[in-house]
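Architecture and fold: a report
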Amino acid sequence: MFSGIVEEVGVVQEAGEGTLRIAATSVLEDAQLGDSIAINGVDLTVAQLDVGAFFANVMPETYRRSNLRNLAAGDRVNLERSLRPTDRLSGHIVRGVVEGTGRLRSLTPEADAVIASYDAPAELLRHMVVKGPVAVDGASLTIIAKDAAGFAVSLVQYTQEHTNLTQRAPGDEVNIETDILARYVDELLAARGLGAAS
């Protein structure tokens, strides 16, 4: 489990079929083989540790549902270690199980913030509400607007400086994980014939 508070932006060293090597510093301070590290919001297992880098295997299902299939050497990725039982939950509950992807519409400055607007599929939008949480490339964000085709979030200065979100260009694909609580409620209502689960 993660909080969606990105710890650092790492750099892809190698991205091959089913493999990923990331250069990092902070997330490796106490890393062990078998630990979970979220890469752009995708929970992956540390399979190998090197000086200043770690290696993870990537399953075909992960490629189907996330933007990890597009990564190449030199790309910058958001990184977060899994939570410990004693950690503060500063963001929201993020499982690291990306449901699908969206695309950046625009980045619009607004005072010290940047409004990031994304297109997203209907099956993800159904679990989003204004002022509710969403994880975009692993960053915990609050939805400030939503329409039939997408949603918008406001990126504070800290988020602008400590994630890869403002380095994206319109049309770039991003990983999306909606609120797990909304998904459970939807499933429960569907099971009682009161809603339609995805």
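This text gives an overview of the structure that appears in the document. On a predicted model such as this, the values are computed, not experimentally measured, just so you know.

As a further point, take empty space enclosed by the protein. Summed over all chains, the structure comprises 1 cavity of 30 Å³ or more. Lining the largest cavity we find Val6, Ala38, Ile39, Asn40, Gly41, Asn78, Leu79, Glu80, Val94, Asp137 and Gly138. Contributing elements (two or more residues each) for the lining of the largest cavity: β3 (36-39) and β6 (76-81). Among the elements that line the lining of the largest cavity, the one with the most residues is β6, at 3 residues. Residue composition of the lining of the largest cavity, grouped by class: 5 nonpolar, 4 polar and 2 charged.

A few words on the pattern of salt bridges. In the structure shown here, the tally under the stated rule is 12 salt bridges. Salt-bridge contacts for Arg64 lead to Glu61; the nearest nitrogen and oxygen are separated by 3.0 Å. Residue Arg64 and its partner Glu61 are both found in helix α1 (residues 60-65); the two are separated by 3 residues, about one turn of the helix. Of the residues examined, Glu61 reaches a relative accessible area of 32% and is grouped as partly exposed. Here Glu99 and Arg183 are joined by a salt bridge, their closest N and O atoms 3.0 Å apart. Of the two residues, Glu99 sits in the loop between β6 and β7 (100-110) while Arg183 sits in helix α4 (residues 180-191), which places them 84 residues apart along the sequence.

A word on unusual backbone geometry. The phi dihedral of Asn40 is positive, around 50 degrees, even though this residue is not glycine. Here Asn40 shows up in the loop between β3 and β4 (42-50). Of note, the phi angle at Asp137 is positive, near 50 degrees, even though the residue is not glycine. Among the structural elements, Asp137 can be located in the loop between β9 (133-136) and β10 (139-146). Residue Asp137 is classed as buried on the basis of its relative accessible area, which comes to 0%.

Scoring rules and cut-offs
- Residues numbered from 1 in each chain as written.
- Predicted model: local features only at pLDDT ≥ 70, side-chain atom pairs only at ≥ 80, totals over all residues.
- Heavy atoms only, no water.
- 1 Å grid on protein atoms, 1.4 Å probe; cavity = no way out; pocket = protein on both sides within 12 Å on 5 of 7 lines; lining within 4 Å.
- Points joined across faces, edges and corners; volume = space filled by probe spheres on them.
- Helix = DSSP H or I, 4+ residues; strand = E, 2+ residues; numbered from the N terminus.
- Nonpolar A, V, L, I, M, F, W, Y, C, P; charged D, E, K, R; others polar.
- Salt bridge = Lys/Arg side-chain N within 4 Å of Asp/Glu carboxyl O.
- Buried < 20%, exposed > 50% of the residue type's maximum accessible area, 1.4 Å probe, protein only.

Honestly, that's just the spatial picture; any functional story needs more than this.
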